[in-house]
Protein chains: 2
Amino acid sequence: MEQEPTDELSQSWEANAAAWTRAVREGRIESRRLATDSAVLGAVLRYTPERVLDVGCGEGWLCRALAEQDVQVMGVDGSGPLIEAAQSLGGGQFVRVSFEEIAETPAILGKDSFDAVVCNFALLDREIIPLLCVLRSRLRPSGVLIIQTVHPCNLGNDADYSDGWRTEDFAALGGEFVESMPWYARTLSSWTDELGAAGLVVASIEEPRHPTTKQPLSLLFVAMHCGTKDGHVV
Amino acid sequence: MEQEPTDELSQSWEANAAAWTRAVREGRIESRRLATDSAVLGAVLRYTPERVLDVGCGEGWLCRALAEQDVQVMGVDGSGPLIEAAQSLGGGQFVRVSFEEIAETPAILGKDSFDAVVCNFALLDREIIPLLCVLRSRLRPSGVLIIQTVHPCNLGNDADYSDGWRTEDFAALGGEFVESMPWYARTLSSWTDELGAAGLVVASIEEPRHPTTKQPLSLLFVAMHCGTKDGHVV
């Protein structure tokens, strides 16, 4: 197996934290401004959650937007400077914790369960099943896991339609980014395989579209566990 | 609302029945030969079903392939000449019944339930929720509904990414087809909306690919109801 660039992935979010925080807060990412921010916010609010976990919360915009709607939010991210940026604006409980730490020590999330767990363009590593299993275990009986990611039609027509590591150089966001970011692209079927392996089914898929071209800008899964038995998720 | 071309859709499968039967039996449809026939057959067999309902069975190839694996199959189709073509080769119980009749009079399917219900490129009309509700009600507790359809990345880049009526002229299959066929294209999110409205969730999605170009040739949903209670599907 190829060397996994997981460390470079984590490191990029330390090195680019300031540039990323500015890009998000200044609304420089067109697809987010046009469609995907409101899509994920709307998807979460549709379930009228009391308590939400934002996994890979970054500088915290989604937590703040949910807090404005009186939702209790916990945001976790592996990047120290991003968590500090989130804490500086408040709106929720922000904790620096890596996805590996969540997978290995689920208790690090506390004892609470959640009506919704969100991963907004946050599942960037190849191995995600152990993390998904922990997130599933923290869903309340009717809770949902909401994942927004790259649309399969945007995986690149020049390449095979297949899973694999890609590189984001953030060139579209100006020259402040100091490191490129490796990220693991997944086909639609690979996404449902990973969810299935973690005991989740897909209740719905949304496809936020560009308001003018009507082309899909992202893919948004609403996943859930399939029922409960004696009060426990099965 | 625009005039629905449902009658033209049904009529095309009467008028083109002989041409279609030859095209299928002579293996003239490249995507089917390369990937999608084996994909749907493999998907059904993976659930080791005892009894399968093939909805929109056409001239019956899938029923025959399943019968060869000792699966009991019932095939239904709205086209009289296609059902006659299926009956002429045998392999299952073939019944001429339209999708509207199934939706309005579910008892027309008999009293049996099924381990798998298959719709292989068969859901071509706009309104499918009433049919899906009936099919769901005929699933055994751990039964699956398998739907193969057009991949979202193949809905046409020149058009909006949106639902709508399209026209198939069968030009790629030679000159024997006498009528074009209206069919209703759906985005990925519309598919999951329709399934959700019928009480179904998506357990997995497969994307059969072209063996050389690795581009997706179809989308294959495995849908299920979410659990049972007191032996009844909920």
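Note that the structure is predicted; figures quoted are calculated from it, not measured. (Residues numbered from 1 in each chain as written. Chains lettered and ligands numbered in written order. Predicted model: local features only at pLDDT ≥ 70, side-chain atom pairs only at ≥ 80, totals over all residues. Heavy atoms only, no water.)

Digging into the overall build of chain A
Quick note on the threshold: In this text, helices come from DSSP runs of H or I with a minimum length of four residues, and strands from runs of E with a minimum of two, each type numbered from the N-terminal end. It is over C-alpha atoms that the radius of gyration is taken, and the globule rule equals 2.2 Å times the number of residues to the power 0.38. To sort residues, take the accessible area from a 1.4 Å probe on protein chains only and compare it with the maximum for the residue type: under 20% means buried, over 50% means exposed, and anything in between is partly exposed. Contacts between residues were defined by any pair of non-hydrogen atoms, one from each residue, lying within 4.5 Å. Throughout, the Shrake-Rupley method with a 1.4 Å probe supplies accessible areas, and for residues the shown protein chains are the sole cover considered. Here the positive residues are Lys and Arg and the negative ones are Asp and Glu; neither His nor the chain ends is included. For the purpose of locating charges, the reference atoms are NZ of Lys, CZ of Arg, CG of Asp and CD of Glu.
Along its length, chain A carries 8 helices and 11 strands. For 234 residues, the compact-globule estimate of 2.2 N^0.38 gives 17 Å, and chain A sits close to it at 17 Å. In chain A, which comprises 234 residues, the share counted as buried stands at 54%. Within chain A, residue pairs in contact and separated by at least 24 positions form 65% of the contacts whose partners lie at least 6 positions apart. With an accessible surface of roughly 10100 Å², chain A has 48% of that area assigned to carbon and sulfur atoms. In chain A, which carries 19 positive and 34 negative side-chain charges, the distance between the mean positions of the two groups comes to 6 Å.

Let's talk about the confidence of the model for chain A
Residue and element names in this part refer to chain A. Selection criterion: Here pLDDT means the predictor's own confidence in every residue, given as a number from 0 to 100.
The predicted model of chain A has a mean per-residue pLDDT of 94, with 95% of residues at 70 or higher. Low pLDDT, under 50, characterises residues 228-234; the predicted model gives this stretch 13 contacts beyond four residues in sequence or across chains. Among the scores for the predicted complex, ipTM is 0.94 and pTM is 0.95.

What about the interface of chain A and chain B?
Convention followed: Buried area is calculated as the accessible area (1.4 Å probe) missing from two parts once they are joined, with the contributions of both summed. Salt-bridge detection follows one rule: a side-chain nitrogen of Lys or Arg within 4 Å of a carboxyl oxygen of Asp or Glu. Any pair of N or O atoms that falls within 3.5 Å is considered a polar contact. Within protein, one atom must be able to donate a hydrogen and the other to accept it, and sequence-neighbouring residues count only if both atoms are side-chain atoms.
Taken residue by residue, the interface counts 29 residues in chain A and 29 residues in chain B. Between chain A and chain B, a total of about 2100 Å² is buried, with carbon and sulfur atoms accounting for 58% of that surface. If you sort the residues of chain A by the area they bury against chain B, Tyr161(A), Ile205(A) and Glu207(A) come out on top, with a joint share of 26%. Counting every contact that joins chain A to chain B gives 0 salt bridges. Counting across the chain A and chain B interface gives 15 residue pairs in polar contact (both at pLDDT 80 or more). When contributions to the side of chain A that touches chain B are tallied by element, the ones reaching two or more residues are α8 (188-197), β8 (201-206) and β9 (219-224) of chain A. With 6 residues, the top contributor of residues to the side of chain A that touches chain B is β8(A).

A look at the relation of the copies chain A and chain B
Rules: Residues reaching a pLDDT of at least 70 in both copies supply the C-alpha atoms on which the copies are superposed by least squares.
Placing chain A over chain B gives an RMSD of 0.0 Å and needs a rotation angle of 180°, together with 0.0 Å of translation along the axis. Both copies of the chain, as the preceding transformation shows, are related through a two-fold rotation axis. Looking at chain A, 100% of its interface residues are interface residues in chain B too, so the copies touch through the same face.

A few points about the environment of Cys226(B)
Of note, Cys226(B) is situated in the loop between β9 (219-224) and β10 (228-229). In sequence terms Cys226(B) and Gly199(B) are 27 residues apart; their C-alpha atoms lie 7.9 Å from each other.

Quick look at a negative patch on the surface
All names here are of chain A. To keep it simple, the criterion reads: Excluding any residue in a salt bridge, patches collect residues exceeding 30% relative accessible area, merging like charges within 9 Å and nonpolar Val, Leu, Ile, Met, Phe, Trp and Tyr side chains within 5 Å.
Negative charge collects at one region of the surface, where Asp7, Glu8, Glu100, Glu101, Glu104 and Glu127 lie side by side. Among the secondary structure elements, those contributing two or more residues to the negative patch are α1 (6-15) and α6 (99-104). The biggest single contributor to the negative patch is α6, with 3 residues. With respect to the helices, strands and loops of the structure, aspartate 7 is situated in helix α1. Note on aspartate 7: relative accessible area 63%, which makes it exposed.

Things to note about the pairing of strand β8 (residues 201-206) of chain B
Residue and element names in this part refer to chain B. For clarity, the threshold we go by: Pairing between strands is defined by DSSP: at least two bridges between the two strands are required.
The buried fraction of β8 is high, at 6 of 6 residues. Relative to β9, β8 runs antiparallel, the two being bridged by 5 bridges. Along β9, the bridge assignment pairs isoleucine 205 with phenylalanine 221.

A few points about the layout of surface pockets
Residue and element names in this part refer to chain B. Inclusion rule: A 1.4 Å probe that fits into a set of points on a 1 Å grid over the protein atoms alone but cannot get out defines a cavity; an open set with protein on both sides within 12 Å along at least five of seven lines defines a pocket, and lining residues are those with an atom within 4 Å of a point. Grid points are joined across faces, edges and corners, and a volume is the space filled by probe spheres set on the points. Under the scheme applied, nonpolar residues are Ala, Val, Leu, Ile, Met, Phe, Trp, Tyr, Cys and Pro; charged residues are Asp, Glu, Lys and Arg; polar residues are all the others, including Gly.
Taken as a whole, the second largest pocket holds about 840 Å³ of empty space. As for the second largest pocket, its lining consists of 30 residues, and the residues nearest its centre are Ile29, Ser31, Phe121, Val150 and Glu168. Looking at the lining of the second largest pocket, the elements with two or more residues in it are α3 (30-45), β5 (139-149) and β7 (181-185). Residue composition of the lining of the second largest pocket, grouped by class: 19 nonpolar, 6 polar and 5 charged.

Here we look at the packing of aromatic side chains
To keep it simple, the criterion reads: The criterion for an aromatic pair is that two Phe, Tyr or Trp rings (for Trp, the six-membered ring) have centres within 6.5 Å, with stacked assigned to planes under 30 degrees apart, edge-to-face to planes over 60 apart and tilted to the rest. Here, a charge over a ring means that NZ of Lys or CZ of Arg falls within 6 Å of the ring centre while also lying within 35 degrees of the ring normal.
Under the criterion given, the structure shown has 12 aromatic pairs over all chains. Their ring planes at 45° and their centres at 5.9 Å tell us that Trp191(A) and Phe221(A) sit as a pair that is tilted. Here Trp191(A) is found in helix α8, whereas its partner Phe221(A) is found in strand β9, with 30 residues between them in sequence. Like Phe221(A), Trp191(A) is buried. Aromatic side chains Trp13(B) and Phe170(B) sit 6.2 Å apart centroid to centroid with 85° between the ring planes, which places their arrangement in the edge-to-face category. Residue Trp13(B) is found in helix α1 (residues 6-15), and its partner Phe170(B) is found in the loop between β6 (164-168) and β7; the two are separated by 157 residues along the sequence. Accessibility assignment for this pair places Trp13(B) and Phe170(B) in one class, buried. Over the ring of Trp191(A) we find Arg186(A), and its NZ or CZ is 5.1 Å from the ring centre.

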